[in-house]
Amino acid sequence: MIQDMVVYLVFMGYAIGFMLGIATLFTWVERKQSAIMADRIGANRAYIRIPFTNIKLVWMGLFHGIADGAKMLLKENFTPTTYDLFCYNLAPWLCLSPVLVLFCVIPFGGTLIPGELFSAGSSFPFAQQIREYYGARSYIMQIANLDAGVLVILSISGIGILGTMLAGWASNNKFSMLGAARAASQMISYEVSMGLALISMVLTFGTLDLNEMVRWQSGALFGVLPAWGIFAQPLAFLLFLTSAIAENKRVPFDLPECESELVAGYFTEYSAMKMGIFMLSEFIEVVIVSALVVTIFLGGYNLPYLTDTGFILPGGMTQPLSHLTVVLLQVITFMVKVVLTGSFMIQTRWSLPRFRYDQLMGFGWKFLLPLAAFNLVITACVRWFILVKG
Amino acid sequence: MDLWERLYIFEVIRGLSITGGVFFGNMWKWLTFRKGALTAYYPEELRSDYSPANRGRHVLTRRANGEAQCVTCNMCATVCPAYCIEIETRDINFDDPNHPKSPERFEIDYSRCIFCGFCVEACPEDAIRMSKEVPDFPGFDRDIMWAKMDLLLNWKPMCDPAKVYPEAAQAIEEVHP
């Protein structure tokens, strides 16, 4: 019992560190990546001076995240006089908490058997104690191993829009309200096609459990191709990615907060750390959405040909690895995949122009939705055919 | 828009490959220790491609004995449309009949200078010139924007076609990091 608690506390700590760490990293990646693709250098002015020396650590501008955080914490917490006090203060938290909760169903690694992390003769401190303490217990590296993970994701990610709408309504500002109205209609339009794309994936995998989905993807298609969702369902991948970018309100779908029209959209009236929470939740949302895309379409923590015992190449070659190596490889693979997907989203954000509002609605309802429905019908037919035949 | 453009995805891929190409090209330059940007780190890094005729920072030329060429006639300060030159004369040295007067203080306020070059044209002694480098005065107060004598006199050319230069032997080119 205590053993389980220790392991899950470690998982939760890892999850929080993962989300906040990578979200902070993304603020830096966004600056640097946009700078590099525009022939610029990017943010490099924040530094930490080692006390009593003249050595300034710049580290390619990595400290700008810290500088931003410090600035947001120390700024004046200005609030307009005409606003709904309760809802105004509730909105940022309502935006942030569902995003943080979402990560609990995402598997960030394979099966962990703490007792087998270290070999019997290992000289690592406490290695033998860990072996004895945990015995043969095994844990799936996921905070909540729910068998309805996809439904949880859909329902909880739907809550996030409440914070956005509340922020717009409560701050008593026309720009905020316009932003909130746009956010609401945009969310509704794109959540439909996102849901349909997810349902076709559920049909393909035959399960709602995200961990089962990842395990399904550890196989191989046609012998050599890793059986990732993107190869099984390329159209659903495109639809899901588009709707996911629309869901976290980034360019080209950033109409709720488009600076050129609406000042800052729904969080115009927020300042200091309240605004910071909106920013942070946006970046955590990028992490979460990337994690979702990775889990459902890019094979999750799977490296091609890596199984729980080691590499098995299609030619029949094998390379056995210890449990510790496999676990570390899986965790790192997941992290790298999430960072790469996130920087693809950042690349999209800095490449594409924003939709006009009617184009956005037309694109959502007249283009994405029929495509998603079409994809779902095709998937269902193929699935039925396979079931009947097999 | 034709059908191809209205399908959107292909144009998105085209746009992404343009920006991605620029990104990976520049990234490759950074990774191989070259500079993958067109911009300069100002003020650590100065542009090297200024025209030789660029009117940049002022320099004071020197006599063969190392004194400033300036005879403090005040013509530059008089002609200066921005009133940014201040000159103070040292005690007159009658041992040197060609140049009895020399400046005690010669200061230019770069917060007011408009780089018109009138001072260079007005000077009867070829004592003030403008180098092609721009003055390097980023800072937090206006005092730092005053160019004092020690800065103006630190010009050490490899050779000077107009006259014999005192420290030409151990002269160094002005180098900016």
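Treat the numbers as computed from the prediction; the structure is a model and nothing was measured.

S.K.: Describe the overall build of chain A, and please don't skip the residues or the numbers.
M.R.: Helices and strands together make up the secondary structure of chain A, namely 13 helices and eight strands. Scaling as 2.2 N^0.38, a compact globule of 390 residues should have a C-alpha radius of gyration of about 21 Å, and chain A matches this with 23 Å. In terms of overall dimensions, chain A has a C-alpha envelope of 70 × 65 × 45 Å along the principal axes. In chain A, which comprises 390 residues, the share counted as buried stands at 49%. By element, 72% of the accessible surface of chain A is carried by carbon and sulfur atoms, the whole surface being about 18300 Å². For chain A, the distance from the average position of its 23 positive side-chain charges to the average position of its 22 negative side-chain charges is 7 Å.

S.K.: Hey, could you go over the overall build of chain B for me, with residue numbers and the actual values?
M.R.: Counting its secondary structure elements, chain B contains five helices and five strands. Each helix and strand of chain B, ordered N terminal to C terminal, gives the series α-α-β-α-β-β-α-β-β-α. In terms of overall dimensions, chain B is more spread out than a globule: its C-alpha atoms have a radius of gyration of 25 Å, far above the 16 Å expected for 177 residues. For chain B, the spread of C-alpha atoms along the three principal axes comes to 90 × 35 × 30 Å. Out of the 177 residues in chain B, the part that is buried amounts to 33%.

S.K.: Which residues make up the interface of chain A and chain B, and what values go with them?
M.R.: On the chain B side, the residues contacting the 17 residues of chain A number 21 residues. Across the interface of chain A and chain B, roughly 1600 Å² is buried in total on both sides, 69% from carbon and sulfur atoms. Summed over the three residues of chain A that lose the most area to chain B, namely I36, D39 and I41 of chain A, the buried surface amounts to 36% of that side. Here chain A and chain B share zero salt bridges between them. At the boundary of chain A with chain B, the tally comes to five residue pairs in polar contact (both at pLDDT 80 or more). Sorting elements by how many residues they give to the side of chain A that touches chain B places helix α12 (residues 323-351) of chain A first, with four residues. The residue makeup of the side of chain A that touches chain B, split by class, is nine nonpolar, five polar and three charged.

S.K.: Explain the pattern of salt bridges to me, using residue names and the numbers behind them.
M.R.: Residue and element names in this part refer to chain A. Counting across every chain of the model gives 16 salt bridges over all chains. We note a salt bridge from R354 to D254, for which the minimum N-O separation is 2.6 Å. Of the two residues, R354 sits in the loop between α12 and α13 (357-389) while D254 sits in the loop between α9 (234-247) and α10 (259-262), which places them 100 residues apart along the sequence. The class of D254 is buried, set by a relative accessible area of 5%.

S.K.: Could you give me a rundown of the nonpolar core, with the residues and numbers involved?
M.R.: If you look at the biggest cluster of nonpolar residues, it comprises 83 residues, and the most contacted ones within it are F11, F26, F103, F240, F253, I296 and F334 of chain A. Top contributing element to this core by residue count: helix α11 (residues 272-297) of chain A, with 13 residues. With sequence-adjacent residues up to four places away left out, F334 of chain A is seen in contact with F18, F103, I106, P107, F108, A291, V294, T295, G300 and Y301 of chain A. Core analysis: the next-biggest nonpolar cluster, separate from the first, contains 23 residues, A77, C84, I87 and I108 of chain B among them.

S.K.: Please set out the environment of I245 of chain A residue by residue, giving values where relevant.
M.R.: Residue and element names in this part refer to chain A. Within the secondary structure, I245 sits in helix α9. A relative accessible area of 7% places I245 in the buried class. For the pair formed by I245 and I346, sequence separation is 101 residues and the distance between their alpha carbons is 10.0 Å. Apart from the residues within four sequence positions on either side, I245 is in contact with R250, V251, P252, F253, M345 and T348.

S.K.: With reference to specific residues and values, describe the state of the cysteines.
M.R.: Evaluated as defined, the whole model comprises zero disulfides over all chains. The thiol of C70 of chain B is unpaired, and the distance to the nearest cysteine sulfur, on C76 of chain B, comes to 6.2 Å.

S.K.: Give me the lowdown on the side chain of T164 of chain A, citing residues and values where you can.
M.R.: All names here are of chain A. Its location among the elements puts T164 in helix α5 (residues 149-170). Residue T164 is classed as buried on the basis of its relative accessible area, which comes to 0%. When neighbours within four sequence positions are excluded, T164 is seen to be in contact with C95, A180, A183, K249 and Y266.

S.K.: Which residues make up the pairing of strand β3 (residues 103-109) of chain B, and what are the values?
M.R.: All names here are of chain B. Burial analysis of β3 places five of its seven residues in the buried class, the great majority of the element. Note that strand β2 (residues 85-89) and β3 share five bridges and pair antiparallel. What sits directly across from I87, in β3, is F106. The pairing of β3 with strand β5 (residues 146-147) spans two bridges and is classified as antiparallel. Residue I108 lies in a different strand from β5, and its bridge partner there is A147.

S.K.: Explain unusual backbone geometry to me, and be specific about the residues and the numbers.
M.R.: Backbone geometry at D39 of chain A places phi at a positive 60°, although glycine is not the residue there. The backbone of N74 of chain B sits at a positive phi, close to 70°, despite the residue not being glycine. By secondary structure assignment, the location of N74 of chain B is in the loop between β1 (58-60) and α3 (75-79).

S.K.: Which residues make up the sheet that holds β5 of chain B, and what values do they have?
M.R.: Read from one edge to the other, the open sheet built from three strands follows the order β2-β3-β5 (chain B), with strand pairing classed as antiparallel. Single-partner strands in this sheet number two, and they are β2 and β5 of chain B.

S.K.: Account for α9 of chain A, naming residues and giving values.
M.R.: Residue and element names in this part refer to chain A. Under the 1.5 Å per step criterion, the end-to-end length of α9 is 20 Å for 14 residues, consistent within 8% with the ideal 20 Å. Burial runs high along α9: eleven of the 14 residues are buried. Of all the positions in α9, only A236, F237, L239, F240, L241, T242, S243, A244, I245, A246 and E247 are classed as buried. Its buried side turned inward, α9 meets α5, α6 (174-205), α8 (229-232), α11, α12 and α13. Just downstream of α9 lies K249, where phi reads positive at about 55°.

S.K.: So what's going on with the packing of aromatic side chains? Residues and values would help.
M.R.: Residue and element names in this part refer to chain A. Counted by the stated rule, this structure contains 27 aromatic pairs over all chains. Counting every residue linked through ring pairs, the aromatic cluster contains Y8, F11, Y14, F18, F103, F108, Y139 and F334. Taking NZ or CZ as reference, R349 lies 4.6 Å from the ring centre of W350, over its face.

Cut-off values and rules
- Residues numbered from 1 in each chain as written.
- Chains lettered and ligands numbered in written order.
- Predicted model: local features only at pLDDT ≥ 70, side-chain atom pairs only at ≥ 80, totals over all residues.
- Heavy atoms only, no water.
- Helix = DSSP H or I, 4+ residues; strand = E, 2+ residues; numbered from the N terminus.
- Rg over C-alpha atoms; globule rule 2.2 N^0.38 Å.
- Buried < 20%, exposed > 50% of the residue type's maximum accessible area, 1.4 Å probe, protein only.
- Areas by Shrake-Rupley, 256 points an atom, 1.4 Å probe, with all protein chains shown as cover.
- Lys, Arg positive; Asp, Glu negative; His and termini not counted.
- Charge placed at Lys NZ, Arg CZ, Asp CG, Glu CD.
- Contact = heavy atoms within 4.5 Å.
- Buried area = accessible area lost by both parts, 1.4 Å probe.
- Salt bridge = Lys/Arg side-chain N within 4 Å of Asp/Glu carboxyl O.
- Polar contact = N/O pair within 3.5 Å; in protein donor to acceptor, adjacent residues only side chain to side chain.
- Nonpolar A, V, L, I, M, F, W, Y, C, P; charged D, E, K, R; others polar.
- Core = buried A, V, L, I, M, F, W, Y, C linked by side-chain atoms within 4.5 Å.
- Disulfide = S-S within 2.5 Å.
- Pairing = 2+ DSSP bridges.
- Expected span 1.5 Å × (residues − 1).
- Phe/Tyr/Trp six-rings, centres within 6.5 Å; stacked < 30°, edge-to-face > 60°.
- Lys NZ or Arg CZ within 6 Å of the ring centre and 35° of its normal.

What is shown is where atoms sit, not what they do.
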